[in-house]
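Each chain is listed here by its residues.
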Amino acid sequence: MEKEKLYEFLDIESPVDFEYFENIAALLECDEDISYDDMFELISQVDTETLIMLIDNYFEEISDYIPGESAEFYTLMEQIRLSLTGLARSSDEENVMANLVEEIDRFRRWYSSESKVICTPIGSAYEEEQTLRDALYMSRLEKIDGDRYSYDFSQCIDYPLDEYIMSFADVAAAAEEPDDAE
């Protein structure tokens, strides 16, 4: 996807406009190829605090739709969130910014096109394979249309998390977040 088309897809004119939940959702849910250079240019020009907030908000939103019996998968998604926000907090260093862009892109590809979740309508033996993105959409729709599914996230659990060592400041910031929400 060319940079102009990417910005149009994200509904922005420049990286400075990347400041809304809809922008991060569109980026992470995009299943088209995005060049590393275009992704780097975009992410590196977004305000760091805004990027951290957007990542947190996005993961908070999708975590609401992870079925309760999927505790191991929920924990994985929380680890991915902490990894991405931790990298974003340290992204003023160019090599960390490069790692952040690679991790966002790797998550995006996995989440929107490479992951496999087995979805089975309750009371049926029929199984359908969905991407994680689409399985979580189905979980959202359950509350609206009433169709209930069983979700098997076992093929998603092996998401490779790069070793990211959180600094004490990252741990302290993560510990303060629930207090800020009150």
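Everything discussed here concerns the structure shown above.
In what follows, the accompanying structure is described. (Residues numbered from 1 in each chain as written. Predicted model: local features only at pLDDT ≥ 70, side-chain atom pairs only at ≥ 80, totals over all residues. Heavy atoms only, no water.)

## Things to note about the overall build of the protein
Step number 1: Across its full length, the protein holds eight helices and three strands.
Step number 2: Put simply, the protein runs from its N terminus to its C terminus through helices and strands in the order α-α-α-α-α-α-β-β-α-β-α.
Step number 3: The buried share of the protein, reckoned over its 182 residues, is 44%.
Step number 4: Long-range contacts, defined as pairs at least 24 residues apart, comprise 67% of the intrachain contacts of the protein with a sequence gap of at least 6.
Step number 5: Just so you have it, the protein exposes about 10000 Å², and 47% of that area is on carbon and sulfur atoms. (Helix = DSSP H or I, 4+ residues; strand = E, 2+ residues; numbered from the N terminus. Buried < 20%, exposed > 50% of the residue type's maximum accessible area, 1.4 Å probe, protein only. Contact = heavy atoms within 4.5 Å. Areas by Shrake-Rupley, 256 points an atom, 1.4 Å probe, with all protein chains shown as cover.)

## Focus on the sheet that holds strand 2 (residues 128-130)
Adjacent strands of a sheet pair through backbone hydrogen bonds, lying either parallel or antiparallel.
Step number 1: Spatially, three strands are ordered 2-1-3 in an open sheet, and the strand pairing comes out antiparallel. Where the open sheet ends on each side, the last strands, each with one partner, are strand 2 and strand 3 (149-152). The sheet shows a mean angle of 30° between the axes of neighbouring strands, direction not considered.
Step number 2: The pairing of strand 1 (residues 117-121) with strand 3 spans four bridges and is antiparallel. Note that in strand 3 the partner of T120 across the bridge is S150.
Step number 3: Along the sheet, helix 7 (residues 132-145) contacts strand 1, strand 2 and strand 3; its crossing angle with strand 3, the most-contacted strand, is approximately 155°. (Pairing = 2+ DSSP bridges. Axes fitted to C-alpha atoms, helices over the stretch in contact; angles between N-to-C directions.)

## Here's the deal with helix 4 (residues 48-63)
Step number 1: Here helix 4 is 16 residues long and its end C-alpha atoms lie 22 Å apart, about the 22 Å a rise of 1.5 Å per residue gives.
Step number 2: For helix 4, the full list of buried residues reads T50, L51, I52, L54, I55, D56, Y58, F59, I62 and S63. (Expected span 1.5 Å × (residues − 1).)

## As for a negative patch on the surface
Step number 1: Together, E8, D11, E13, D17, E19 and E22 make up a negatively charged patch on the protein surface.
Step number 2: Taking relative accessible area as the criterion, E13 reaches 73% and is therefore assigned exposed. (Patch = residues over 30% accessible without salt bridge, like charges linked within 9 Å, V, L, I, M, F, W, Y side chains within 5 Å. Salt bridge = Lys/Arg side-chain N within 4 Å of Asp/Glu carboxyl O. Lys, Arg positive; Asp, Glu negative; His and termini not counted. Charge placed at Lys NZ, Arg CZ, Asp CG, Glu CD.)

## Thoughts on unusual backbone geometry
Step number 1: One non-glycine residue, D11, lies in positive phi territory at about 60°.
Step number 2: Residue placement: D11 occurs in the loop between helix 1 (3-10) and helix 2 (21-28).

## Quick notes on the state of the cysteines
Step number 1: Going through the model one piece at a time under the given rule, you end up with zero disulfides.
Step number 2: The thiol sulfur of C156 is not disulfide-bonded, and the nearest other cysteine sulfur, from C119, lies at 9.4 Å. (Disulfide = S-S within 2.5 Å.)

## Considering the pairing of strand 1
Step number 1: Among the five residues that make up strand 1, four are buried, leaving the element largely enclosed by the rest of the structure.
Step number 2: One ladder, built from three bridges, connects strand 1 with strand 2; its direction is antiparallel. Directly across from V117, in strand 2, lies its bridge partner Q130.
Step number 3: Two successive antiparallel strands, strand 1 and strand 2, enclose a turn made up of six residues, where G123 displays a positive phi of approximately 85°.

## A word on the nonpolar core
Most often, soluble globular proteins keep nonpolar side chains buried together rather than apart.
Step number 1: By size, the foremost hydrophobic cluster in this structure holds 49 residues, and its most contacted members are I43, M77 and W110.
Step number 2: Secondary structure elements with two or more residues in this core: helix 1, helix 2, helix 3 (36-45), helix 4, helix 5 (71-89), helix 6 (94-114), strand 1 and helix 7.
Step number 3: The element best represented in this core is helix 6, accounting for eight residues.
Step number 4: Once residues lying within four places of it in the same chain are set aside, the contact partners of I43 are L27, L51, M97, L100, V101 and I104. (Core = buried A, V, L, I, M, F, W, Y, C linked by side-chain atoms within 4.5 Å.)

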